Amino acid sequence: MRILHTSDWHLGRSLEGRNRLDEQQQFIAEIADIAHREKVDLILIAGDIFDTANPSAAAEQLFYQAIYDLAAGGSRGVVAIAGNHDSPERVRASDPLAEQLGITLLGLPKDQPFISSGSRERVKRLSVGSGWLELAVPGCDHSAVVVTLPYPSEQRLKEILVDKLNEEEMQKSYSERVGAFFKDATQNYRRDTVNLCMSHLFVIGGSESESERPIQLGGACTVEPVMLPATAQYTALGHLHRPQRVAKWEHVRYSGSPLSYSFSEAGQTKAVYIVDCQPGQQARVQEIPLTSGCPLVKWKADQGLNQVLKWCEENRDPNAWIDLTIHVPKPLQAEEIKMLRELRPKLINIRPVLPEMARAMDLTGRESLPVDDLFRQFYQRQNQAEPKEELVQLFLELIQAEREGEDA
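From a predicted model like this one, the values you see are computed outputs, not experimental measurements.

**A few points about the overall build of the protein chain**
Each helix and strand counted, the protein chain has twelve helices and 16 strands in total. Burial status across the protein chain gives 52% buried among its 408 residues. Sequence separation of at least 24 residues holds for 65% of the intrachain contacts in the protein chain that already meet a minimum separation of 6. Surface exposure of the protein chain reaches about 19400 Å², of which carbon and sulfur atoms provide 48%.

The following block contains the structure:
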């Protein structure tokens, strides 16, 4: 059986207010083309289908058209689960209709799909349970048992495990509760099936980017790698936007988002994974890079406005969304900002760096006044007044963000 793993589509998400539905349509078409070209039998979409719990009608229409195309008339299986951005009920609502094309949509950890009826040649659910299902795909000599854990909030885990664990066990960590769920659900694996797992989790050790909004404040909802099911031949994860292995395991992966959703992801290669599985054998994993959508690029113009104008004349990064940092001797005028935006409509951010600010950001290892004092001096010269403390703190946060971006 050949599986395609994708996740974190975030349909409807914009970039600083710029609509990206066209780019999202492009990556869906590319994934469908890959599925056809690579003769994929089953597609796993590991959560964060939408960017909000209440997506636009256009985003919903794009998703339904996408899974319709990916299912190829019921000849290819599709299993999609809800992530922390999705409404579980919204994702699950259309499952009775989707099942007619071999598509399974799951919103909550306790969701249990029904067994397929009828005899026509299409993807079928042979058996089901709480947190798992067995799928038969036309043309495959073996079926797949898929353990599914849509985004598990602490409350949702309690709801599904309260009958299985005593009060003392329920007091243990979130990570252990996720492990308990997997231990119970993977008992349905068999020697004669392809055994898969999919979930939307933050596994400790994964590499984050700024575009992933926290699953839960304080980091409580994190999972130790050892809690993932060792008996799964492949584990398809969603939530982190950079394609990556987990704990250097070849068979446990985040596919990442198909588009870059923040400038912290500038330069990242986006991808899907193709996984070949046979019962009782080790999975073989292949990364397929994606080329759809507009790249996100950071421009740093140390030589000022003329340098940026030259880059625009040269048509540098013609299809990219641009985040510009420009060193200038004095604040940019409204006419200059308007000119830049007319020359490059995809110029998202313009970050002017004045001499005092440049000096403040280059203080590491030097003896000088504290950064906040330099800012206060600069502000007082420019405005003949002392800055409010809230403004000083905001400036310090911007400097810290700039340093972290350069480190990344």
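**Let's talk about the packing of aromatic side chains**
Under the definition given, this model contains six aromatic pairs. Residues Phe 63 and Tyr 64 carry aromatic rings whose centres are separated by 5.5 Å and whose planes lie at 50° to one another, so their mutual orientation is tilted. Given a relative accessible area of 2%, Phe 63 falls into the buried group. Given the relative accessible area of 32%, Tyr 64 is considered partly exposed. For the ring pair Trp 299 and Trp 311, a centre distance of 5.3 Å and an interplane angle of 65° mean the geometry is edge-to-face. Placement of the pair is Trp 299 in strand 14 (residues 296-301) and Trp 311 in helix 8 (residues 305-313), with a sequence separation of twelve residues. Given the relative accessible area of 2%, Trp 299 is considered buried. Note on Trp 311: relative accessible area 11%, which makes it buried. Among the aromatic side chains, those forming a connected cluster through ring pairs are Trp 9, Phe 27, Phe 50, Phe 63 and Tyr 64.

**Concerning the sheet that holds strand 8 (residues 194-200)**
If you walk across this open sheet you meet the seven strands as 5-6-7-8-9-11-10, and the pairing is mixed. The open sheet has two edge strands, strand 5 (124-129) and strand 10 (244-246), and neither has a second partner. Geometrically, the sheet is characterised by an average inter-axis angle of 30° between neighbouring strands, direction not taken into account. Pairing analysis gives four bridges linking strand 6 (residues 132-136) to strand 7 (residues 144-149), with the strands arranged antiparallel. Looking at the pairing, Leu 133 lines up with Val 146 of strand 7. Docked against the sheet, helix 7 (residues 174-185) engages strand 7 and strand 8, running at close to 160° with respect to strand 7.

**Concerning the pattern of salt bridges**
All told, the structure shown has 19 salt bridges when counted by the stated rule. Here Glu 60 makes a salt bridge to Arg 90, at a shortest N to O gap of 3.0 Å. Residue Glu 60 is found in helix 2 (residues 57-71), and its partner Arg 90 is found in helix 3 (residues 88-93); the two are separated by 30 residues along the sequence. With a relative accessible area of 16%, Glu 60 lands in the buried category. The salt bridge involving Asp 276 is made with Arg 284; its shortest N-O contact spans 3.9 Å. On the accessibility criterion, Asp 276 (14% relative accessible area) is buried. Accessibility expressed as a relative area gives 57% for Arg 284, which makes it exposed. A network of salt bridges, in which partner residues are shared, links Arg 2, Asp 33, Arg 37, Glu 38, Asp 276 and Arg 284.

**Details of a nonpolar patch on the surface**
Among the surface-exposed residues, Leu 391, Leu 394 and Leu 398 lie close enough to one another that they form a single nonpolar patch of about 250 Å² accessible area. With respect to the secondary-structure elements, Leu 394 resides in helix 12 (residues 389-407). On the accessibility criterion, Leu 394 (44% relative accessible area) is partly exposed.

**Structural notes on helix 7**
Taking 1.5 Å of rise per residue, the twelve residues of helix 7 would be expected to cover 16 Å, and the 17 Å separating its terminal C-alpha atoms lies within 8% of that figure. Of all the residues in helix 7, the buried ones are Tyr 174, Ser 175, Arg 177, Val 178, Gly 179, Phe 181, Phe 182 and Ala 185.

**Re the environment of Ala 57**
When you line up the elements, Ala 57 lands in helix 2. The sequence separation of Ala 57 and Gly 12 amounts to 45 residues, and the corresponding C-alpha distance is 9.3 Å.

**Regarding the sheet that holds strand 15 (residues 321-327)**
Pairing in this open sheet of three strands is parallel, and the strands run 14-15-16 from one edge to the other. Here the strands that pair on one side only, and so sit at the sheet edges, are strand 14 and strand 16 (347-353). Sheet twist, expressed as the average angle between the axes of neighbouring strands with direction ignored, equals 15°. Bridge count for strand 14 against strand 15 is six bridges, and the pairing is parallel. Residue Val 297 lies in a different strand from strand 15, and its bridge partner there is Ile 322.

Here is what the cut-offs are and how they apply
- Residues numbered from 1 in each chain as written.
- Predicted model: local features only at pLDDT ≥ 70, side-chain atom pairs only at ≥ 80, totals over all residues.
- Heavy atoms only, no water.
- Helix = DSSP H or I, 4+ residues; strand = E, 2+ residues; numbered from the N terminus.
- Buried < 20%, exposed > 50% of the residue type's maximum accessible area, 1.4 Å probe, protein only.
- Contact = heavy atoms within 4.5 Å.
- Areas by Shrake-Rupley, 256 points an atom, 1.4 Å probe, with all protein chains shown as cover.
- Phe/Tyr/Trp six-rings, centres within 6.5 Å; stacked < 30°, edge-to-face > 60°.
- Pairing = 2+ DSSP bridges.
- Axes fitted to C-alpha atoms, helices over the stretch in contact; angles between N-to-C directions.
- Salt bridge = Lys/Arg side-chain N within 4 Å of Asp/Glu carboxyl O.
- Patch = residues over 30% accessible without salt bridge, like charges linked within 9 Å, V, L, I, M, F, W, Y side chains within 5 Å.
- Expected span 1.5 Å × (residues − 1).

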